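Letter by letter, the chains look like this.
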Amino acid sequence: MLVLNSGSSSLKYQLLDMAGSGPDRGARLASGIVERIGEGPVADHEAALKQAAAELDRQGLGLDSPELAAVGHRVVHGGTRFTEPTLIDDAVLAEIEKLVPLAPLHNPANISGITVARGLRPDLPQVAVFDTAFHATMPEAAARYAVDTATADRFGVRRYGFHGTSHAYVSRATARLLGKDPAEVNTIVLHLGNGASASAVRGGVCVDTSMGLTPLEGLVMGTRSGDIDPAAIFHLARVGGMSTDEIDTLLNKRSGLVGLCGDNDMREIGRRMGEGDPAAQLAFDVYVHRLRKYVGAYTAVLGRVDAIAFTAGVGENSAAVREAALRGLGALGIEVDAVRNAIRGSSARLISAAASRVAVAVVPTDEELEIATQTYALVNR
Ligand code: ADP
């Protein structure tokens, strides 16, 4: 399986061996990234995929290999139309195109990747795996905003959620770590990367998530504000004289950690906190406070929580964030073990105290493996 993640300026690719069974299943045969698409030598996604293909060729696993069975594409927005991995044909591509207004930065890049890959290997099944799909099971009570129904329906204003491939993978991997069937486990997944989102997963089914119509809602992120009073936008427009595009850029690119302290890398923030830097400390505190609020909210949504799983760059690496987010929650049955939390590692592991009613885990995410798994399942159905 070839997995392609086409962003606006980068193309990430991985070749995974999904044949056979056992621990080798899903082994990574090759992977890479083509960056700065649109600048200099890599003019567009076609040039990027050709560069990726040349690199795969060098590794002896060319795009023209007869063993290549399918291509799985990450697609950010599936709207309400796509709730499952979907075999791509012209009609499906046209519908993904129709969703561009909901994800103007992401879907066009995903479409370019699909178009180029289909051009190079028209004989292969190509599958779209949507970031929104895992959240399609949210009940209306969680998916709807309390705004005028006719307006909301007309413009598709509802909560879709993102990072779904990661939330799906991590919630299942967490159940596996506990030695349980996902159907028996209620999990809060905290995907903390540059973008960040939380989800509440009941018995393997997503019932709430923190991102909404767009990836701006919810947690504090590297450069995004997360939750904010929507009237702040009117205030910035009326009093600040800012345009819609300027506010969009402010909230998506110049807010979050970077807006509060000038850095969006949690490692650098930790270093500055060590030097007593008050702006870095404030950024960390706002970040962690928001995270705690979502842990509390999703504890109430789920009623019974069996596990809390931290994943992605910050979740997998920052013991300080994990400790601060869950500190003093013994009354909710949540106790982090300081020693376990401090141990670094690259595999899924428990960091809760033996007495903790809720298992707390660090579970590395693997979106490419999940896309390959879903693609394989669809193609071999
Ligand atoms: P993306 O959303 O781009 O896929 P990642 O999941 O790779 O992001 O997360 C990137 C972020 O992870 C970095 O911006 C940084 O804040 C954080 N990070 C990475 N390594 C560490 C570390 N050792 N300690 C703390 N934070 C880290």
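Here is what the cut-offs are and how they apply
Residues numbered from 1 in each chain as written. Predicted model: local features only at pLDDT ≥ 70, side-chain atom pairs only at ≥ 80, totals over all residues. Heavy atoms only, no water. Helix = DSSP H or I, 4+ residues; strand = E, 2+ residues; numbered from the N terminus. Contact = heavy atoms within 4.5 Å. UniProt positions renumbered as here; feature names shortened; annotations may be inferred. Buried < 20%, exposed > 50% of the residue type's maximum accessible area, 1.4 Å probe, protein only. Polar contact = N/O pair within 3.5 Å; in protein donor to acceptor, adjacent residues only side chain to side chain. Domains from an automatic or database assignment. Pairing = 2+ DSSP bridges. Salt bridge = Lys/Arg side-chain N within 4 Å of Asp/Glu carboxyl O.

With that out of the way, let us pick up the environment of Gly-333. Position of Gly-333 among the secondary structure elements: in the loop between α13 (319-326) and α14 (338-342). Setting aside its immediate chain neighbours within four residues, Gly-333 contacts Ser-356, Arg-357 and Val-358.

A separate point is the UniProt feature "active site" (unreviewed entry) in the chain. Here the UniProt-annotated "active site" (unreviewed entry) positions come out as Asp-131. Summarising the element assignment, Asp-131 is placed in the loop between β6 (126-130) and α4 (140-143). On the basis of relative accessible area, Asp-131 is assigned to the buried category, the value being 1%. When residues no more than four places from it in sequence are discounted, the contact partners of Asp-131 are Arg-74, Val-75, Val-76, Gly-161, Phe-162, His-163, Gly-164 and Thr-165. In this structure the side chain of Asp-131 is engaged in a polar contact, spanning 2.7 Å, whose partner is the side chain of Arg-74.

Positionally, Ser-352 belongs in the loop between β11 (349-350) and β12 (359-362). Residue classification places Ser-352 among the buried residues on the basis of a relative accessible area of 5%. At a separation of 3.0 Å, a polar atom in the side chain of Ser-352 contacts the main-chain amide nitrogen of Val-360.

A few words now on the domain arrangement of the chain. Domain assignment breaks the chain into domain 1 (2-130) and domain 2 (180-367). Between domain 1 and domain 2, the C-alpha centre-to-centre distance is 29 Å.

Here we come to the sheet that holds β11. Here we have 6 strands laid out as an open sheet, ordered β9-β8-β7-β10-β12-β11, and mixed in their pairing. Each having just a single partner strand, β9 (205-209) and β11 make up the two edges of the open sheet. Of the strand pairs in this sheet, strand β8 (residues 196-202) and β9 are connected by 4 bridges, and their pairing is antiparallel. The residue of β9 that forms the bridge with Val-201 is Cys-206.

It is worth spelling out the pattern of salt bridges at this point. Under the counting rule described, the total for this entry stands at 19 salt bridges. For Arg-58, the salt bridge identified is with Glu-55, shortest N-O distance 2.9 Å. One end of the pair is Arg-58 and the other is Glu-55, both in helix α1 (residues 45-58) and 3 residues apart, which spans about a single turn. Look at Glu-55 and you get partly exposed, because its relative accessible area is 25%. In this structure, Arg-118 and Asp-90 form a salt bridge, with 3.1 Å as the shortest nitrogen-oxygen distance. You can see Arg-118 sitting in helix α3 (residues 107-120) and its partner Asp-90 sitting in helix α2 (residues 90-98), a full 28 residues away along the chain. With a relative accessible area of 24%, Arg-118 lands in the partly exposed category.

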